[in-house]
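The chain contents come next:
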Amino acid sequence: MRVYLDHNSTTPLRLEVRERWLEVVAQGLGNPSSLHASGRRARALLDEARERVAAALGVHEDEVFFTSGATEANNLALFGSLEAGASDAGLVTTTVEHASVLEPARELARRGRAVAFVPVDAQGLPDPAAVAAAVTPRTALVSVAAANNETGALPDIAGVAAELRRRAGPRPRLHSDAVQALGRVPVRPSEWGVDLASFSAHKIGGPAGVGVLWRAKGVTLAPRTHGGGQELGLRPGTESVAGVVAAALAFELAVREQAEFAARTGELARQLWADLAALLPEVRLLGPPIDSRRRLPNTLCVLLPNTDGKVLLTRLDLAGLEVSAGSACASGSIEPSHVLLALGLTRGAARSGLRLSLGRNTTASDCKLALAVFHKEFVSSRAT
Ligand code: PMP
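Note that the structure is a prediction, hence the values are computed from the model and not measured.

K.L.:
Hey, could you run me through the overall build of the chain in this one?
P.N.:
Summing up its helical and strand segments, the chain has 13 helices and 12 strands in all. Relative to the 2.2 N^0.38 estimate, which gives 21 Å for 384 residues, the radius of gyration of the chain is 21 Å and therefore close to what a compact globule would have. With the C-alpha coordinates aligned to their principal axes, the bounding extent of the chain is approximately 65 × 55 × 40 Å. Here the chain, with 384 residues, has 54% of them falling under the buried criterion. For the chain, the share of sequence-separated contacts (at least 6 apart) that also reach a separation of at least 24 residues comes to 71%. Carbon and sulfur atoms form 55% of the exposed surface of the chain, whose accessible area is close to 15800 Å².

K.L.:
Got a minute to help me understand the packing of aromatic side chains in this structure?
P.N.:
For any pair of aromatic rings, geometry is given as the distance between the ring centres together with the angle between the planes. Going through the model one piece at a time under the given rule, you end up with two aromatic pairs. Here the aromatic rings of Phe-199 and Phe-251 are separated by 6.0 Å at their centres, their planes lie at 70°, and the arrangement is edge-to-face. Here Phe-199, found in strand S7 (residues 196–200), pairs with Phe-251, found in helix H8 (residues 241–256); they are 52 residues apart in sequence, far enough to count as distant. Classification of Phe-251 as buried rests on a relative accessible area of 0%.

K.L.:
Teacher, can you tell me more about the sheet that holds strand S4 (residues 115–118) here?
P.N.:
The strands making up a sheet are joined through hydrogen bonds of the backbone, oriented either antiparallel or parallel. Overall, mixed pairing links the seven strands, which are arranged S2-S8-S7-S6-S5-S3-S4 in an open sheet. Across the chains shown, the open sheet's two edge strands, defined by having one partner strand only, are strand S2 (64–67) and S4. This sheet shows a mean twist of 20° between the axes of neighbouring strands, independent of strand direction. Pairing analysis gives three bridges linking strand S5 (residues 139–143) to strand S6 (residues 173–177), with the strands arranged parallel. Residue pairing for S6: Val-142 is matched across the bridge by Leu-174.

K.L.:
Teacher, can you tell me more about the domain arrangement of the chain here?
P.N.:
It is common to give the size of an interface as the accessible area lost on bringing the parts into contact. Once the domains are mapped, the chain shows domain 1 (3–11 + 258–383) and domain 2 (15–256). Measuring from the centre of the C-alpha atoms in domain 1 to the corresponding centre in domain 2 gives 27 Å. Carbon and sulfur atoms supply 51% of the area buried between domain 1 and domain 2, which totals about 2400 Å² over both sides. Considering only the side of domain 1, the residues that lose the most area to domain 2 are Gln-258, Arg-294 and Leu-296, jointly responsible for 29% of the buried surface there.

K.L.:
Which parts of the structure should I look at to understand the nonpolar core?
P.N.:
Generally speaking, soluble globular proteins have nonpolar side chains that are buried together. By size, the foremost hydrophobic cluster in this structure holds 76 residues, and its most contacted members are Phe-66, Val-142, Phe-199 and Phe-251. At 12 residues, the largest contribution of residues to this core is made by H8. In this structure Phe-66 touches Leu-46, Ala-49, Arg-50, Val-53, Val-210, Gly-211, Val-212, Glu-231, Arg-235 and Val-244, once residues within four positions along its chain are discounted. Counting residues in hydrophobic clusters, the runner-up holds 27 residues, among them Leu-285, Ala-325, Leu-356 and Leu-371.

K.L.:
I would appreciate a short explanation of the site of the ligand in the present structure.
P.N.:
Contacts to the ligand come from 13 residues, most closely from Thr-71, Asp-177, Gln-180, Ser-200 and Lys-203. One of the side-chain nitrogen or oxygen atoms of Thr-71 is found 2.6 Å away from an oxygen atom of the ligand. Here His-98 contributes a side-chain N or O atom positioned 3.2 Å from a nitrogen atom of the ligand. With three residues, the top contributor of residues to the shell around the ligand is helix H3 (residues 70–84).

K.L.:
Help me understand unusual backbone geometry, please; the structure alone is not making it clear to me.
P.N.:
In terms of backbone geometry, most residues other than glycine have negative phi values and most peptide bonds are trans. The phi dihedral of Glu-231 is positive, around 50°, even though this residue is not glycine. Here Glu-231 lies in the loop between strand S8 (211–215) and H8. Overall, Glu-231 belongs to the buried group, its relative accessible area being 5%. At Asn-306, a position not held by glycine, the phi torsion is positive, near 55°. In this structure, Asn-306 sits in the loop between strand S10 (299–303) and helix H10 (309–318).

K.L.:
Would you mind going over the pattern of salt bridges with me for this structure?
P.N.:
Side-chain pairing between opposite charges can occur once the charged atoms of the two side chains come close. Enumeration over the complete set of coordinates arrives at 26 salt bridges. A salt bridge links Asp-156 to Arg-294, with the nearest nitrogen and oxygen atoms 3.8 Å apart. Here Asp-156 is found in the loop between S5 and helix H6 (157–166), whereas its partner Arg-294 is found in the loop between strand S9 (284–286) and S10, with 138 residues between them in sequence. Each member of the salt-bridge network shares a partner with another, and the members are Arg-14, Glu-16, Glu-257 and Arg-360.

K.L.:
What exactly am I supposed to notice about the sheet that holds S10 here?
P.N.:
Across the sheet, three strands lie side by side as S9-S10-S12; this open sheet has antiparallel pairing. Each edge of the open sheet carries a strand with a single partner, namely S9 and strand S12 (353–357). Averaged over all neighbouring strand pairs, the angle between strand axes comes to 35°, with direction disregarded. Pairing analysis gives five bridges linking S10 to S12, with the strands arranged antiparallel. When the sheet's bridge partners are listed, Thr-299 is paired in S12 with Ser-357. Packing against the sheet, helix H9 (residues 258–279) makes contact with S9, S10 and S12, and its axis sits at approximately 20° to S10.

K.L.:
Please explain the confidence of the model for the chain as it appears in this structure.
P.N.:
For any part of a model where pLDDT is low, the fine detail of the predicted coordinates should not be relied upon. Per-chain confidence: the chain averages 95 in pLDDT, with 97% of residues scoring 70 or above. When the criterion is pLDDT under 50, residues 328–332 qualifies, and its contacts beyond four places in sequence or with other chains add up to three contacts.

K.L.:
How should I be thinking about the packing of H3 against helix H4 (residues 99–110) in this particular structure?
P.N.:
Geometrically, a packed helix pair is captured by the angle between its two axes and the distance between the axes. Running from amino to carboxyl end, H3 crosses H4 at an angle of 30°, the nearest separation of the two axes being 9 Å. Classed by the angle they form, the pair H3 and H4 counts as roughly parallel. As for how H3 packs across H4, the hand of that crossing is right-handed. Here Thr-71, Asn-74, Asn-75, Leu-78, Phe-79 and Leu-82 of H3 lie close against H4, whose contacting residues are Ser-100, Val-101, Pro-104, Ala-105, Glu-107 and Leu-108. Its residues placed into classes, the contact of H3 with H4 shows seven nonpolar, four polar and one charged.

Procedures and definitions
- Position numbers for residues start from 1 in each chain and track the written sequence from start to end.
- Note on the predicted model: pLDDT of at least 70 is required for a residue's local features to be given, and 80 or more for side-chain atom pairs to be given and counted; whole-chain, interface and lining totals, by contrast, use all residues.
- Excluded from the side-chain calculations are hydrogens and water; all other atoms, namely the structure's heavy atoms, are used.
- By definition, any uninterrupted DSSP run of H or I lasting at least four residues is a helix, any uninterrupted run of E lasting at least two residues is a strand, and each is numbered from the N terminus.
- C-alpha atoms define the radius of gyration in this analysis, and the globule rule sets the expected value at 2.2 Å times the number of residues to the power 0.38.
- Burial here depends on accessible area, computed with a 1.4 Å probe over protein chains only, as a share of the maximum for the residue type. Under 20% is buried, over 50% is exposed, and the range in between is partly exposed.
- A contact between two residues is defined here by any heavy atoms of the two lying within 4.5 Å.
- In this description, accessible areas are obtained by the Shrake-Rupley approach with a 1.4 Å probe, and a residue is regarded as covered only by the protein chains that are shown.
- Each pair of aromatic rings taken from Phe, Tyr and Trp, with Trp reduced to its six-membered ring, is defined by centres within 6.5 Å and is described as stacked if the planes are under 30 degrees apart, edge-to-face if over 60, and tilted in the remaining cases.
- Between any two strands, at least two bridges found by DSSP are needed for them to pair.
- Helix axes are fitted to C-alpha atoms over the stretch in contact, other axes to C-alpha atoms as well, and angles between N-to-C directions run from 0 to 180 degrees.
- For every domain, the bounds stem from an assignment made automatically or drawn from a database.
- Note on definitions: buried area is the accessible-area loss of two parts on being combined, 1.4 Å probe, summed for both.
- Each nonpolar core is a collection of buried residues, namely Ala, Val, Leu, Ile, Met, Phe, Trp, Tyr and Cys, held together in the definition by side-chain atoms within 4.5 Å.
- Distances are taken per atom, and a residue is near a molecule or strand as soon as one of its heavy atoms is within 4 Å of it.
- Polar contact is defined as a pair of N or O atoms within 3.5 Å, subject to the rule that within protein one atom must be able to donate a hydrogen and the other to accept it, and that residues adjacent in sequence are counted only when both atoms are side-chain atoms.
- Here, a salt bridge means any Lys or Arg side-chain nitrogen found within 4 Å of an Asp or Glu carboxyl oxygen.
- Along the chain, pLDDT gives the predictor's confidence residue by residue, from 0 to 100.
- Any angle that falls under 35 degrees is termed roughly parallel, while one over 145 is termed roughly antiparallel, one within 65 to 115 roughly perpendicular, and all others oblique.
- Take the far helix as your reference; a near helix turned counterclockwise from it by less than a right angle gives a left-handed crossing, and one turned clockwise gives a right-handed crossing.
- Throughout, the ten residues Ala, Val, Leu, Ile, Met, Phe, Trp, Tyr, Cys and Pro are labelled nonpolar, Asp, Glu, Lys and Arg are labelled charged, and all others, Gly among them, are labelled polar.

Here you go:
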């Protein structure tokens with residue numbers, strides 16, 4: 001039997017979502033930009049999906065743009081904001097962002113833009129006042145994720161928005177990568193006071209390859225790709241109608257079931273952490289404390305002293321438990337996670353982090369099994 005505790009990487013496609021996807025594919029639709037009946041049927045489905053996503057997020061449908069995933073949505077938010085502004089427009093972000101924000105930020109810096117990376121505290125949380133203090137009159141965009149995929153830390157996005165409003169001078173726009181927050185904690189981008197937010201369907205039981213960029217009315221973005229006029233010219237290319245329809249259902253279900261998800265996975269994760277800490281007192285929990293309201297309910301990022309997280313991960317995998325550790329760089333060499341380094345860990349310590357992330361179908365018996373495997377493999381990995 002295998003136990004999958006890597007839901008922050010991706011989630012299994014929900015049955016209802018798969019059925020909806022197949023239903024739409026089976027219809028043999030036309031291109032939603034075509035004017036004939038098959039095209040109009042596709043257009044109607046696309047419009048309806050946009051309305052459903054908008055309703056789930058509490059925003060207007062004209063503000064919802066479909067992309068190929070959150071990586072593209074994040075790139076569009078960053079490059080699109082800076083390229084729509086003055087030629088010296090700059091960016092403020094944090095040191096713990098996902099690679100799909102950090103790498104565009106680094107690329108913008110290479111192209112001569114002023115980019116500030118605000119550090120986080122030992123729990124992985126940026127101080128909203130420090131984020132606002134990094135803003136200069138040239139800052140066009142501030143980007144802070146609503147939930148960290150590794151530590152589960154939940155930065156105070158509304159606090160960042162409030163600090164930005166408090167500053168004298170022009171207010172930079174605020175973007176939040178809300179990929180890991182959706183379906184796990186309440187997500188209301190317009191109430192947070194942000195202007196742009198990114199989402200990904202495959203983190204909430206939807207298909208991979210479908211993302212959403214929410215852009216508040218009146219916010220201008222330069223497109224990154226040029227072609228037909230789809231998505232109001234902001235993201236041209238023929239839409240994946242079946243994928244988008246399936247994604248819209250996943251958004252609806254995730255938002256509808258969010259409170260139940262948080263209660264269920266929160267209880268299981270707290271129990272799993274309590275059992276783990278009792279069994280292996282040397283293991284440390286990273287990120288905000290277990291009962292903090294500033295942590296994702298489903299995520300446990302643990303530090304295993306004197307253990308190579310990647311080696312343990314492989315052993316756990318062979319024993320049937322799927323978890324995740326840091327991020328391997330493209331060359332295949334093993335780099336410690338930039339997020340764990342940003343918490344102040346040494347490179348050696350950062351290599352001993354492991355992340356367990358629970359999902360909507362995770363059960364108490366999955367957690368018991370995971371605990372037993374974890375204990376056995378951790379103890380034997382130290383003996384060898
Ligand atoms: N942001 C965060 C916080 C993520 O966890 C991920 C997925 N690992 C992404 C962005 C990228 O999303 P996608 O896979 O849809 O490109």
